[in-house]
Amino acid sequence: MDNRDEVREFLMSRRARVSPDAAGITAGSNRRVAGLRRSEVAALAGVSVEYYAKLERGSIAGASGAVLDAVSRALQLNDAEHAHLLDLARNADGIPSSGRHRRRTTKAGPPRASLEWALAAVTDAVAVVRDQRQNLVAFNDLGRAFYSPLIGDGGRTPNFARFQFLDPAARDFYPDWDLFADMCVAVIRAEAGRDPHDKGIQDLVGELSTRSDSFRALWAAHNVRTHGTGTKRFHHPVVGDLTLVYEELAITADPGHVLLIYSAEPGSPSAERLRLLASWAANPSTSSPSASS
């Protein structure tokens, strides 16, 4: 992944997204570009056209924080996009965005016992850990049962992105597949911006770009996002439809790893179905439980 190319394509894609009306600019009838012109972004950011053109060509190294903030405002970047632009600038300057040395790609070992104990203590919610390469690296019992379509019977390390784009079962598991696909790619794009030298991310992007037209189209959109918190719908093969809220928490002992906790509103049908799934996970030899509508 070339940082200059990434900067250029990201800035061009964001500029094309902002309409003159949204920027408070009176547009003439002879516009030949989508979105704003470079000169308009430069004027909004308070920099020269030549300097902004230099940035958009990918020469972002040495750009000050004040300039990057002004460009972010001109392009109406959201918080995740602004953070991504800062990550791209830091990497162009040779500064790891985390303040730590670059992470080396190493073969993952088993989860720490203390992490497994912490996950096991979460009994009424799905708790899983993923790394920056979208690998599912640890989970509690309910997490194993919940993500059984992704985890399968073992073998290759389960990976959220590979499941999303390469496994037909994902279309059933995610009723809002298009939304999930866009979120998945945007999270990977943000991770790649934080560490463009991560070979694991490079390999994942290369594989999915080769094997999935959907991934390739979404990757070209240059969208970024953080996961954070929200609500998602699932269709589980054992208990049916679930609407769950999630919280994402950074694991400071393992940079790049996050803890995802999915829970249901107390007393809701989804909470009952999670309880049934936990019961089934404790006795998987029994027949699938029936969940009331």
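My aim in this report is to walk through the structure given alongside it, one point at a time.

What counts and what doesn't
- Residues numbered from 1 in each chain as written.
- Predicted model: local features only at pLDDT ≥ 70, side-chain atom pairs only at ≥ 80, totals over all residues.
- Heavy atoms only, no water.
- Phe/Tyr/Trp six-rings, centres within 6.5 Å; stacked < 30°, edge-to-face > 60°.
- Helix = DSSP H or I, 4+ residues; strand = E, 2+ residues; numbered from the N terminus.
- Buried < 20%, exposed > 50% of the residue type's maximum accessible area, 1.4 Å probe, protein only.
- 1 Å grid on protein atoms, 1.4 Å probe; cavity = no way out; pocket = protein on both sides within 12 Å on 5 of 7 lines; lining within 4 Å.
- Points joined across faces, edges and corners; volume = space filled by probe spheres on them.
- Polar contact = N/O pair within 3.5 Å; in protein donor to acceptor, adjacent residues only side chain to side chain.
- Core = buried A, V, L, I, M, F, W, Y, C linked by side-chain atoms within 4.5 Å.
- Contact = heavy atoms within 4.5 Å.
- Axes fitted to C-alpha atoms, helices over the stretch in contact; angles between N-to-C directions.
- Parallel < 35°, antiparallel > 145°, perpendicular 65-115°, else oblique.
- Left-handed = near helix turned anticlockwise from the far one by under 90°.
- Nonpolar A, V, L, I, M, F, W, Y, C, P; charged D, E, K, R; others polar.
- Salt bridge = Lys/Arg side-chain N within 4 Å of Asp/Glu carboxyl O.

## Focus on the packing of aromatic side chains
Right, on to step 1. Counting across every chain of the model gives 18 aromatic pairs.
Right, on to step 2. Here Phe 165 and Phe 215 contribute two aromatic rings whose centre-to-centre distance is 5.4 Å and whose plane-to-plane angle is 85°, an arrangement assigned as edge-to-face. With Phe 165 in helix H9 (residues 160-166) and Phe 215 in helix H13 (residues 213-220), the pair connects residues that are 50 residues apart, well separated along the chain. The exposure classification of Phe 165 matches that of Phe 215, with both residues buried.

## Let's talk about empty space enclosed by the protein
Right, on to step 1. Tallying each qualifying case throughout the model produces two cavities of 30 Å³ or more.
Right, on to step 2. Size it by volume and the largest cavity reaches roughly 210 Å³.
Right, on to step 3. Looking at the largest cavity, it is lined by 15 residues, and the ones nearest its centre are Gln 134, Phe 160, Cys 184, His 227 and Lys 232.
Right, on to step 4. When residues of the lining of the largest cavity are traced back to their parent elements, those giving at least two are H9, helix H11 (177-194), strand S3 (229-236) and strand S5 (258-263).
Right, on to step 5. Broken down by element, the residue count for the lining of the largest cavity peaks at four residues, all from H11.

## Some details on H13
Right, on to step 1. The N-cap residue of H13 is Ser 212: its side-chain oxygen and the backbone nitrogen of Ser 214 are 3.4 Å apart.
Right, on to step 2. Of the residues flanking the end of H13, it is His 222, one or two places downstream, whose phi is positive at about 60°.

## A closer look at the nonpolar core
Right, on to step 1. Counting residues in each nonpolar core, the largest one holds 43 residues, and the members touching the most others are Phe 146, Tyr 147, Tyr 174 and Ile 188.
Right, on to step 2. Ranked by residue count, the leading element in this core is H11, at eight residues.
Right, on to step 3. Apart from residues no more than four positions distant in its own chain, Ile 188 is found in contact with Gln 134, Ala 161, Ile 201, Leu 204, Val 205, Phe 215 and Trp 219.

## A look at the packing of H11 against helix H12 (residues 199-211)
Right, on to step 1. Remark: H11 packs on H12, axes separated minimally by 10 Å, with the N-to-C direction vectors making an angle of 140°. Judged by the inter-axis angle, H11 sits oblique to H12. The hand of the H11/H12 crossing is left-handed. Together, Ile 188, Glu 191 and Ala 192 of H11 and Ile 201, Leu 204 and Val 205 of H12 make up the contact between the two elements.
Right, on to step 2. Among the residues making up the contact of H11 with H12, the classes are represented as five nonpolar, no polar and one charged.

## Topic: the side chain of Asn 91
Right, on to step 1. Among the secondary structure elements, Asn 91 is positioned in helix H5 (residues 79-92).
Right, on to step 2. Separated by 2.7 Å, the side chain of Asn 91 and the backbone oxygen of Gly 193 make a polar contact.
Right, on to step 3. Residues contacting Asn 91, with those up to four places away along its chain left out, are Asn 3, Gly 193, Arg 194, Asp 195 and Pro 196.

## Digging into the packing of helix H4 (residues 65-74) against H5
Right, on to step 1. Closest axis-to-axis distance for the H4/H5 pair is 10 Å, and the angle between their directions is 145°. Where H4 crosses over H5, the two elements pack in a sense that is right-handed. Between H4, through Leu 68, Asp 69, Val 71 and Ser 72, and H5, the contact on the second element is made entirely by His 82, Leu 85, Leu 86 and Ala 89.

## Things to note about the pattern of salt bridges
Where charged atoms from two side chains of opposite charge approach closely, those side chains can pair.
Right, on to step 1. Taken as a whole, this structure holds 19 salt bridges when the rule is applied.
Right, on to step 2. Of the charged contacts, one joins Glu 81 and Arg 17 as a salt bridge, the two residues approaching to 2.6 Å between their closest N and O atoms. A residue pair is termed long-range when its members are at least 10 positions apart, and Glu 81 in helix H5 and Arg 17 in helix H1 (residues 3-17) qualify at 64 residues.
Right, on to step 3. Under the relative-accessibility criterion, Glu 81 is labelled buried at 4%.
Right, on to step 4. When its relative accessible area of 41% is taken as the criterion, Arg 17 is described as partly exposed.
Right, on to step 5. In this structure, Glu 40 engages Arg 37 in a salt bridge whose closest nitrogen and oxygen atoms are separated by 3.6 Å.
Right, on to step 6. The class for Arg 37 is partly exposed, based on a relative accessible area of 33%.
Right, on to step 7. Ionic contacts of the salt-bridge type, sharing partners, join the residues Arg 130, Glu 191, Arg 194 and Glu 248 into one network.

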